[in-house]
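# Structural description and commentary
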Amino acid sequence: MPPEEGKQEVLESDELGSKPAEEGDPEKENEREETAVQRVPEDAPWAERMKEVFTTFWPLGLVAFGGPQALVVILRDHLVVQRGWLDEEQFLELFAIGQGLPGPTSTQLVVSTALSRAGPLGGIMAFMLWNIPGLIFLTLSGVLIDAYIDPDNPPFYLVGLPPAAISLVFKAFYDFTMKLDKLGIALALMSCLIAILINGDENIKPTSSQFVFPITLAIGGLVTLFDSKRENSWSDYGSPSKGWDASDDRLMKRIGIPLWVGGLIFVVWGAVLVLVIILVDVAEVENEYLTIFEVMYRIGSIIFGSGQVVLPLLETEVVPAWMTRDQFLQGLGLAQSMPGPIFNFSAYLGAVYKGVPGALVAFLGLFGPGVILIFGIVPFWARLRHVFWFKAVLKGVNATAIGLVGAACVNLWEAAVSNAADAMVFVFAGTLAVAYNVQAPIIVFAGGVLGAILCDDALDLGQIPYCLKSGFISDPDA
């Protein structure tokens with residue numbers, strides 16, 4: 001990224017399993033110039049940086065379609081490529097940390113990037129802007145479910161959004177892997193194969209990702225840590241840093257959370273978890289809102305990986321205690337058609353059960369653990385990312401996390417592309433992203449327009465399901 005006034009010195013990209021940045025590459029420079037927006041220097045006054053956080057995230061909450069990995073792609077496009085808040089290395093570090101913590105990775109990435117830009121208030125504001133559209137819509141849907149969309153028959157203007165969003169996931173995976181060295185590619189391949197297996201074997205429960213993903217990330221970090229100790233290492237880890245100087249580290253100052261406060265935040269998370277479990281399960285306090293919060297907070301504290309993993313746990317807890325299975329599935333269809341993370345589904349569940357207050361309690365309960373933990377971990381990240389052994393560990397963790405994006409490409413393709421019309425939208429959107437460097441929200445919108453034109457309510461083109469055409473399912477109209 002072109003240098004800018006006030007921009008702090010960052011680590012070389014090859015310190016985290018990446019190939020060295022291509023200095024002076026005219027094509028790269030042109031791409032960055034075309035996609036860049038007016039940037040605010042990192043040492044600008046706090047009020048100016050808070051304004052930048054607001055203007056960055058309020059529109060994203062309205063256009064962030066496509067599932068967890070697509071949301072990460074949108075964030076990378078806006079925060080790394082356009083605005084230069086972080087370099088690629090820092091972004092991947094925060095992405096990997098989010099993968100290793102319970103909670104929605106995209107929301108944790110929103111909070112951590114805004115936190116590193118404008119401090120705690122910036123992180124809180126970004127969290128609200130990112131989630132408010134989905135929160136409002138799903139709350140209203142839960143209260144007035146009969147007046148909203150049938151999830152089995154989505155409206156024409158939504159059918160093109162999933163394949164358009166998936167094309168961005170493929171582009172991000174390609175961009176990430178092109179920066180990996182051979183060891184990084186091997187680690188990414190390992191995690192990719194594991195993630196595909198978990199989602200494609202009848203003898204392995206998808207919920208096993210709750211512990212398999214963190215273990216896989218830890219293994220990746222250990223591999224590069226041990227490799228960095230070898231005389232002839234397989235990867236290049238750079239030279240040891242001169243160390244961390246608090247007086248010069250503007251990143252730590254912008255975060256505004258001391259290490260001891262970060263540690264205290266972890267204690268608060270654990271204390272709240274233990275307290276609500278004791279109140280509901282041991283003391284048997286009868287309060288419906290406390291029960292809602294306990295269910296959501298407990299689930300939010302153990303969910304790792306994709307947001308889809310939370311669904312079977314939620315269904316087990318709320319069906320039939322809070323709602324019927326049909327109501328659950330109707331809300332799920334609405335949640336998947338809305339911008340933002342799937343965790344916004346919690347607002348719908350709470351609203352069906354106990355109206356608007358229930359929606360707010362469920363929303364805070366499910367999002368709470370992940371947001372609390374990311375506030376606690378970011379100060380340690382800012383401090384430790386300058387330590388040589390920690391950088392070596394993050395190199396492996398990052399490469400392993402990239403493999404999870406590759407697995408998402410496989411799993412999301414199957415879910416999003418079911419006929420030729422979907423495939424046309426995918427190719428069209430991918431071309432806009434790769435060849436013309438169009439911004440992610442515009443790509444999603446353009447894909448939605450093309451999908452609406454091709455759908456059976458308009459031109460009715462390319463609508464035969466691939467499985468039907470291949471003979472895997474029977475034609476219901478035959």
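Look above for the structure.
This section reports on the structure supplied with the text. (Residues numbered from 1 in each chain as written. Predicted model: local features only at pLDDT ≥ 70, side-chain atom pairs only at ≥ 80, totals over all residues. Heavy atoms only, no water.)

This next bit is on the nonpolar core. Phe57, Leu75, Leu314, Phe345 and Leu349 are the most contacted members of the largest nonpolar core, which has 103 residues in total. The element that contributes the greatest number of residues to this core is helix H14 (residues 345–384), accounting for 16 residues. When residues no more than four places from it in sequence are discounted, the contact partners of Leu349 are Met296, Leu314, Val318, Trp322, Met323 and Phe328. In terms of nonpolar packing, the next biggest core, distinct from the first, is built from seven residues, Cys192, Val212, Phe213 and Ala407 among them. (Core = buried A, V, L, I, M, F, W, Y, C linked by side-chain atoms within 4.5 Å. Buried < 20%, exposed > 50% of the residue type's maximum accessible area, 1.4 Å probe, protein only. Helix = DSSP H or I, 4+ residues; strand = E, 2+ residues; numbered from the N terminus. Contact = heavy atoms within 4.5 Å.)

On the surface, Trp46, Leu121, Ile124, Met128, Ile132, Ile136 and Leu140 cluster together to form a nonpolar patch covering roughly 620 Å² of accessible area. Tallying contributions element by element places helix H5 (residues 105–143) first for the nonpolar patch, with six residues. (Patch = residues over 30% accessible without salt bridge, like charges linked within 9 Å, V, L, I, M, F, W, Y side chains within 5 Å. Areas by Shrake-Rupley, 256 points an atom, 1.4 Å probe, with all protein chains shown as cover. Salt bridge = Lys/Arg side-chain N within 4 Å of Asp/Glu carboxyl O.)

Moving on, we get to helix H2 (residues 46–63). An ideal rise of 1.5 Å per residue puts 26 Å on 18 residues; H2 measures up with 27 Å between its terminal C-alpha atoms. Inspection of H2 places Arg49, Met50, Glu52, Val53, Thr56, Phe57, Leu60 and Gly61 among the buried residues, and these make up the whole buried set. Down the axis, H2 shows its buried residues gathered within 155 degrees of arc, on one side only. Away from its buried face by more than 90 degrees, H2 exposes Ala47 and Lys51. (Expected span 1.5 Å × (residues − 1). Arc of directions from axis to C-beta.)

Two measures define how a pair of helices packs: the angle their axes make with one another and the distance between the axes. Running from N to C, H2 and H5 point in directions that differ by 30 degrees, and their axes come no closer than 8 Å. Comparing the axis directions of H2 and H5 gives the class roughly parallel. Of the two possible hands of crossing, H2 and H5 adopt the one that is right-handed. When H2 is examined against H5, the residues Trp46, Arg49, Met50, Glu52, Val53, Phe54, Phe57, Trp58, Leu60, Gly61 and Leu62 are found in contact with a partner set consisting of Val110, Thr113, Ala114, Arg117, Ala118, Leu121, Gly122, Met125, Ala126, Leu129, Trp130 and Pro133. Partitioning the contact of H2 with H5 into residue classes produces 17 nonpolar, three polar and three charged. (Axes fitted to C-alpha atoms, helices over the stretch in contact; angles between N-to-C directions. Parallel < 35°, antiparallel > 145°, perpendicular 65-115°, else oblique. Left-handed = near helix turned anticlockwise from the far one by under 90°. Nonpolar A, V, L, I, M, F, W, Y, C, P; charged D, E, K, R; others polar.)

Looking now at the pattern of salt bridges. If you walk through the whole model with that rule in mind, you get nine salt bridges. A salt bridge links Lys171 to Asp175; its shortest N-O distance comes to 3.0 Å. Pair noted here: Lys171 and Asp175 are both in helix H6 (residues 161–177), with a separation of four residues, about one helical turn. On the basis of relative accessible area, Asp175 is assigned to the buried category, the value being 15%. The salt bridge partner of Glu317 is Arg298, with a shortest N-O separation of 3.0 Å. One end of the pair, Glu317, is in helix H12 (residues 310–318); the other, Arg298, is in helix H11 (residues 288–300), with 19 residues separating them in the sequence. A residue is classified by how much of its surface remains accessible, and Arg298, at 23% relative accessible area, is partly exposed.

Another aspect to go through is the side chain of Thr177. Mapped onto the secondary structure, Thr177 falls in helix H6. A polar contact of 2.9 Å, which involves the side chain of Thr177, links it to the backbone oxygen of Phe173. Polar contacts involving the side chain of Thr177 include one to the main-chain carbonyl oxygen of Tyr174, which spans 3.1 Å. Each residue touching Thr177, except ones within four places of it in the same chain, is listed here: Ile185 and Ile402. (Polar contact = N/O pair within 3.5 Å; in protein donor to acceptor, adjacent residues only side chain to side chain.)

With 17 residues, helix H7 (residues 182–198) should cover 24 Å at 1.5 Å per step; its first-to-last C-alpha distance of 25 Å lies within 8% of that length. Leu183, Gly184, Leu187, Ala188, Ser191, Cys192, Ala195 and Ile198 are the residues of H7 that are buried. The N-cap residue of H7 is Asp181: its side-chain oxygen and the backbone nitrogen of Leu183 are 3.3 Å apart.

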